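A look at the structure
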Amino acid sequence: MTTDTAHALLQLAKARELIDAANAVLGAADLPPGHAAGYAKYTEEIDQSLSRAKVRAAHALRRSGAHKLDQVSFRNLGEAFAHPTLQSMQDAVGRTITGRTHFRNTRSMMHDWLDIPRGTASDRLILADCLLGGVDDSGQPIAPWLPELAAEYNDPTIDPRLVMAASTKLHSARKDLGEGAAAAAKKAKLERESVAFMHAEPKSARKHISAMVAEVKAGQRPLKALLESIGIFKKGLRQGLIEYVLRVLPSQAAYIEAFFASIDNPATVAGNREGLKDAEVQFTGEQANEWDDEASMPDWAQPEAEHEDSADDSQHPDTSNAEANQSTSQETTAEDSTDAESEADEQPNGRTASAPWEDLKPERRRLVGLMALVMSDRAGSPPHQKVALATPQVSIILNYEKMLAQAKDFAVTSSGIQLSPGEARAALCNAGIYPVVLNGKSLPLDLGRTQRLYSKAQRRVIRASYRGCSYPGCSMPAERCEIDHLDAWEKGGRTDIKSAELNCLIHHIGRHCGLFHAVKIPGSRPMVLLSPELDPEQKLRINTYFMTPAEALEAQALADETTAKWRAGELEVEIVDP
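Residues numbered from 1 in each chain as written. Predicted model: local features only at pLDDT ≥ 70, side-chain atom pairs only at ≥ 80, totals over all residues. Heavy atoms only, no water.

Focus on the packing of helix 2 (residues 33–64) against helix 8 (residues 160–172)
The cut-off we apply is this: Only C-alpha atoms enter the line fits that serve as axes; for helices the fit covers just the stretch in contact. Angles between N-to-C directions range over 0 to 180 degrees. Where helices and strands are cited, they refer to DSSP runs of H or I of at least four residues and of E of at least two residues respectively, numbered from the N terminus. If an angle is under 35 degrees, it is roughly parallel; if it is over 145, roughly antiparallel; if it lies from 65 to 115, roughly perpendicular; otherwise it is oblique. Note on definitions: a residue-residue contact is assigned when non-hydrogen atoms from the two residues lie within 4.5 Å. Residue polarity is assigned by list, with Asp, Glu, Lys and Arg as charged and Ala, Val, Leu, Ile, Met, Phe, Trp, Tyr, Cys and Pro as nonpolar; anything else, Gly included, falls into the polar class.
Direction vectors running N to C along helix 2 and helix 8 enclose 45 degrees, while the axes themselves pass 8 Å from each other. In terms of their interaxial angle, helix 2 and helix 8 are classed as oblique. In contact with Glu44, Asp47, Gln48, Ser51, Arg52 and Val55 of helix 2, helix 8 contributes Pro160, Arg161 and Met164. The class makeup of the residues in the contact of helix 2 with helix 8 is 3 nonpolar, 2 polar and 4 charged.

Details of helix 22 (residues 505–512)
Rule in force here: Each residue's exposure class comes from its accessible area (1.4 Å probe, protein chains only) as a fraction of the maximum for that residue type: buried when under 20%, exposed when over 50%, partly exposed otherwise. This arc describes the spread of directions from the helix axis toward the C-beta atoms.
Among all positions in helix 22, only His507, His508, Gly510 and Arg511 are buried. Within helix 22, the buried residues cover an arc of 165 degrees as seen down the axis, which keeps them to one side. Gly514 sits one or two positions beyond helix 22 and adopts a positive phi of about 80 degrees.

Describing the packing of aromatic side chains
The relative placement of two aromatic rings is captured by the distance of their centres and the angle of their planes. What counts is decided by this rule: The aromatic pairing rule takes the rings of Phe, Tyr and Trp, using the six-membered ring of Trp, and pairs them if the centres are within 6.5 Å, calling planes under 30 degrees apart stacked, those over 60 edge-to-face and the rest tilted. Two thresholds decide whether a charge sits over a ring: the Lys NZ or Arg CZ must be within 6 Å of the ring centre and within 35 degrees of the ring normal.
On inspection of all chains with the given rule, the structure shows 6 aromatic pairs. A centroid spacing of 5.7 Å and a plane angle of 70 degrees characterise the contact between Phe74 and Phe103, whose relative ring orientation is edge-to-face. Of the two residues, Phe74 sits in helix 3 (residues 71–82) while Phe103 sits in the loop between helix 4 (86–91) and helix 5 (106–112), which places them 29 residues apart along the sequence. Pair check on accessibility: Phe74 and Phe103 agree, each one buried. Members of the aromatic cluster, joined through ring pairs, are Phe74, Phe81, Phe103 and Trp113. The ring of Tyr545 is capped by Lys207, whose NZ or CZ atom sits 5.0 Å from the centre of that ring. Positioned above the aromatic ring of Phe260 is the side chain of Arg366, whose terminal nitrogen or guanidinium carbon lies 4.9 Å from the ring centre.

Let's talk about the side chain of His67
Structurally, the position occupied by His67 is in the loop between helix 2 and helix 3. Taking relative accessible area as the criterion, His67 reaches 11% and is therefore assigned buried. The residues contacting His67, other than those within four sequence positions of it, are Thr101, Phe103, Arg104, Asn105, Thr106 and Met109.

Structure representation (structure tokens):
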């Protein structure tokens with residue numbers, strides 16, 4: 001056994017030399033694109049292996065009591081590392097003692113000998129407890145705290161980094177789970193659902209697992225306790241900035257998210273990028289534009305270009321009307337403007353509106369919009385004439401069956417925030433109500449061949465139903481997505497709800513380029529089929545990013561069931577042409 005482990009250590013030493021030699025060439029060379037992709041791919045796979053090895057190494061240090069090695073053993077280790085041979089590795093088996101040693105415990109050894117930060121060392125030992133097992137006071141092994149995730153972690157085909165992130169999240173709620181059989185059942189349920197998320201859609205798994213853990217930590221806190229904790233708290237001056245902490249109720253967060261969506265959307269007046277940059281001058285004193293005069297501006301920034309864009313937009317009545325109404329209602333109309341842009345092939349000059357130049361980070365954009373709201377006068381005038389005040393529009397989806405069953409997530413905003421029954425009732429009392437019946441017959445909203453662009457009512461239904469881009473893992477909200485005709489209008493397609501999908505600008509173009517396919521399912525929302533090089537399993541998928549964890553699990557189960565029926569020939573689906 002000692003010879004086997006010595007040989008394995010020698011292999012690691014040679015692997016390190018090989019990796020260093022390969023990086024010296026690949027990192028300095030002007031690589032062709034295929035080799036660059038291979039370099040990145042192998043590096044990520046090596047990182048996955050190392051991520052798994054780091055936790056196993058921490059577990060081995062603790063299990064073997066390596067922090068108790070004597071001085072001679074450490075000298076032998078130094079010789080083995082400097083001149084790695086099979087004999088030097090065998091001589092470095094080491095001997096532990098019970099007297100005074102260099103290190104007090106495993107974490108101390110990891111920090112002082114391996115130069116690992118104490119927090120990182122603690123995290124690796126926690127992961128070892130969760131995924132590999134621990135050691136009790138008598139030195140006896142303890143089973144892993146998360147056995148289902150431990151099985152995933154030991155599977156070489158699974159990315160261990162995602163399993164480790166999920167384990168860390170679940171461990172953070174260990175005290176909140178309590179003790180006894182009920183706590184064990186709750187932990188097992190969290191494990192099962194975490195594994196389901198990781199297998200179904202790894203890109204959204206972290207978000208949903210974090211939401212599940214947040215629900216556990218929140219518990220059943222009464223409204224009075226919640227109200228005592230909300231507010232804006234000043235933390236003080238840090239690194240030249242004044243920091244505040246904002247704690248709000250979910251219903252209040254829904255308005256904030258809607259406000260951000262309006263500011264983030266360049267199709268709204270409130271989201272006008274040039275206006276936001278100019279408004280920021282009031283706070284920074286720095287010029288927003290980088291050009292001294294019109295002569296130094298690029299073509300896309302010239303005033304004439306703005307007039308041409310306006311002329312193009314006027315060809316589409318829905319778009320121009322929406323822009324005219326934004327000064328009063330400020331309702332997001334991304335679908336109007338972007339649908340018009342997607343029809344550039346029908347315009348005489350063939351132009352498409354260029355995308356706004358995104359040189360303001362989202363955090364800065366939102367702050368400028370918020371400050372414009374705070375600094376507006378009583379008449380509602382913003383501090384800069386080019387900035388319009390954003391008026392949040394919150395969509396709340398009520399599930400009637402879940403409401404009768406008293407499920408926690410019967411009321412959910414379009415951004416995926418769960419509302420309590422009291423918050424949902426308050427919203428019904430105070431808000432303007434637009435009744436939208438989902439999963440019903442869409443005939444009153446279907447326009448057939450009467451018009452090409454989707455109506456305002458149709459757009460509201462599609463946004464409420466799909467909430468964001470259809471591409472799995474995409475985080476672009478519905479307000480910034482384009483409505484995509486799945487049945488090409490020029491080929492006789494209809495402007496009906498069942499023939500529509502939401503896609504962000506990137507994935508809208510990607511679908512029409514054939515990079516992935518939309519799939520129409522009888523009696524269900526459209527799904528997505530990725531290309532074989534991205535998804536060798538060729539499963540039908542739904543983007544669950546904007547769903548609650550419970551909704552995401554239901555959607556994934558529906559996608560899996562639909563995939564199974566499709567492969568068995570029990571269900572006819574239509575793979576939409578680009």
